[in-house]
Amino acid sequence: MSDETLKTTPLYEAHVAAGARMVSFAGYSMPVQYKDGVLKEHLWTRENAGLFDVSHMGQARLRGVSPLSAFEEVTPSDFIGLKPGKQRYSVLLNRTGGIIDDLMAARPISSDGTGDDGLFVVVNGACKDNDFKVIDDELAGQVRIERLEDRALMALQGPKAAEVLAAHASEAAAMVFMDARMFNAFGTDLIVSRSGYTGEDGYEISVPASQAERVWNTLQADERVRPIGLGARDSLRLEAGLPLYGHDVDESVSPVEADLAFAVSKKRREARDFPGAARIAKELAEGPSRKRVGLIVLEGAPAREGAQIADEAGEVVGVVTSGGFSPSLGKPIAMGFVPPALAGVGTRLKVIVRGKAQAAEVAAMPFVPHRYVRKL
């Protein structure tokens, strides 16, 4: 995609002014890194607070007579039971149980505890047009999609994120992991969830596009905050063991294979009333034919996406779907799919990098412990 056809987020000018290196991502011109570079940005987020532009993501309100029950027709999660003020991770499924996309859906409430009966949904940027078409096609007449094209989205992540945001929005301090709120701060209206894609504590903040650069600059003025690009976002989510759509999951992969079975709620497992339920129920009962695992590369260069995984005898048994150097651990790590018999923690395997077999070992995920705040 040429530079001329790339879309820009409301924060594009702020990135350029900060000296960001811009790249094509999900059809947008996005910052991959700033002047400090990926390694320093990664470690800064782990120790302080990193500010990410994720405005390429798809934001929408789903409204209708019964949008919560309707959304269960395309996902395997319990949305009827989702309480006001809470957010849930889920997956949009095709009819064979493959993952069309993963997403967050919330019922944000305002300061007085009121909200509405709809869902606030955030989907991946590269998938958003297809996602909303699937929802519209499958739930025609039940759900009305209001795409929030006039809003930006930013993520404030890291151990100091809460104190930074609380200085501007006192209501944010009382939130815990997967809470979702609507309130006014920075002189504008926000939709805020205490969540993110780094494994760190933090928030995702939806803000009117016209106010985005002002809010971004206000947050960045805090000495605890630095802007962080896509490069560190990827290394952070890899350390956190979080899948990236189009790499670790796609329409051929089920939630069970992807180690995302938690997204299939108990109630829905029993009812088997979601797309691909027969396949998913069988995999839950009998086990899948492959499983997403974490790998520590014990020698040699990092194993990148597409590298083959072999057993100790040298027989190819799987493929790496994400991989790179872990700044926090100081060693190469990866994720990929292998047969369940080889998925146990400590299993010795090999990764084929540039034609050379390198020792690797199945590791527990997340590689770096999550630091979500579940209780205050």
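The shown structure was predicted, so the numbers you read here are calculated from the model rather than taken from an experiment.

A. Region of the structure containing the overall build of the protein. Within the protein, the secondary structure is distributed over 9 helices and 19 strands. Relative to its length of 376 residues, the protein is compact, with a C-alpha radius of gyration of 21 Å against a globular reference of 21 Å. Taken along the three principal axes of its C-alpha coordinates, the protein extends 60 × 50 × 45 Å. Burial statistics for the protein: of 376 residues in total, 57% are counted as buried. For the protein, long-range pairs separated by at least 24 residues make up 66% of all intrachain contacts whose partners lie at least 6 apart in sequence. Accessible surface, the protein: about 15700 Å² in total, of which carbon and sulfur atoms supply 50%. Considering the protein, the positive charge centre built from 44 side chains and the negative charge centre built from 50 side chains are found 4 Å apart.

B. Up close: the pattern of salt bridges. Enumeration according to the criterion identifies 27 salt bridges in this entry. The shortest N-O distance in the salt bridge between D116 and R61 comes to 3.5 Å. Within this pair, whereas D116 is found in the loop between strand 6 (99-106) and strand 7 (119-123), its partner R61 is found in strand 4 (residues 58-64), the two being separated by 55 residues in sequence. In this structure, R144 and E146 form a salt bridge, with 3.2 Å as the shortest nitrogen-oxygen distance. Given a relative accessible area of 46%, R144 falls into the partly exposed group. Within the structure, one salt-bridge network assembled from shared partners comprises R61, R63, D116, R144 and E146.

C. Structural detail: the environment of A17. Relative to the helices and strands, A17 resides in helix 1 (residues 12-17). Separated by 155 residues in sequence, A17 and A172 have C-alpha atoms that sit 29 Å apart.

D. Spatial organisation of the packing of aromatic side chains. A full pass over the atoms with the stated rule returns 3 aromatic pairs. Its end group placed over the ring of W44, R226 keeps NZ or CZ at 3.6 Å from the ring centre. One Lys or Arg, R290, reaches over the ring of F337 and ends 5.1 Å from the middle of that ring.

E. Representation of the pairing of strand 7 within the structure. Of all 5 residues in strand 7, 5 are buried, a share of seventy percent or more. Burial along strand 7 is two-sided: the residues L119, V121 and V123 and F120 and V122 are all buried. Inspection of the sheet shows strand 4 paired to strand 7 by 5 bridges, in the antiparallel sense. Counted as the bridge partner of L62 is L119 from strand 7. Pairing between strand 6 and strand 7: 4 bridges, direction antiparallel. Of the residues in strand 7, the one forming a bridge with A106 is F120.

F. Geometry of the nonpolar core. In terms of nonpolar packing, the biggest core is built from 29 residues, with M154, L156, L165, I205 and L219 touching the most fellow members. At the level of secondary structure, the elements contributing two or more residues to this core comprise strand 3 (49-53), strand 9 (151-157), helix 5 (161-166), strand 10 (180-185), strand 11 (188-193), strand 12 (202-208) and helix 6 (212-220). The contact partners of L219, leaving out residues within four places of it in the chain, are L51, M154, L156, V164, H168, F186, I205 and V225. Counting residues in each nonpolar core, the second largest holds 25 residues, with L244, A258, I280 and Y372 among its members.

G. Main features of the environment of V121. Locating V121 in the fold gives a position in strand 7. The exposure class assigned to V121 is buried, which follows from its relative accessible area of 0%. Expressed as a C-alpha distance, the spacing of V121 and M104, which sit 17 residues apart in the sequence, is 5.7 Å. In contact with V121, other than residues within four places in its own chain, are G58, Q59, A60, L62, F71, M104 and A105.

Quick notes on the rules
Here the residue numbers are simple positions, counted from 1 along each chain's written sequence. Given that this is a predicted model, residues contribute local features only at a pLDDT of at least 70 and side-chain atom pairs are listed and counted only at 80 or more, while totals for whole chains, interfaces and linings are drawn from all residues. Side-chain figures throughout are based on the complete set of non-hydrogen atoms in the structure, without hydrogens or water. Runs of E in the DSSP output that reach at least two residues are strands. Runs of H or I that reach at least four are helices, and both are numbered from the N terminus. Every radius of gyration here is taken over C-alpha atoms, with the globule rule written as 2.2 Å times N^0.38, N being the number of residues. Only protein chains enter the area calculation, which uses a 1.4 Å probe; residues under 20% of their type maximum are buried, those over 50% are exposed, and those in between are partly exposed. In what follows, residue pairs with any heavy atoms lying within 4.5 Å of each other are defined as contacts. Only the protein chains shown count as covering a residue, and every accessible area follows the Shrake-Rupley method with a 1.4 Å probe. Residues counted as positive are Lys and Arg, residues counted as negative are Asp and Glu, and His and the chain ends are not counted. A charge is said to be at NZ when it belongs to Lys, at CZ for Arg, at CG for Asp and at CD for Glu. Note on definitions: salt bridges are taken to be side-chain nitrogens of Lys or Arg within 4 Å of carboxyl oxygens of Asp or Glu. Between the rings of Phe, Tyr and Trp (Trp by its six-membered ring), a pair exists once the centres lie within 6.5 Å; its type follows the angle of the planes, with under 30 degrees stacked, over 60 edge-to-face, and the other angles tilted. Placement of a positive charge over a ring is assigned whenever Lys NZ or Arg CZ falls within 6 Å of the ring centre and within 35 degrees of the normal to the ring plane. Paired strands are those between which DSSP finds at least two bridges. Here, the term nonpolar core denotes a set of buried Ala, Val, Leu, Ile, Met, Phe, Trp, Tyr and Cys residues that are joined through side-chain atoms within 4.5 Å.

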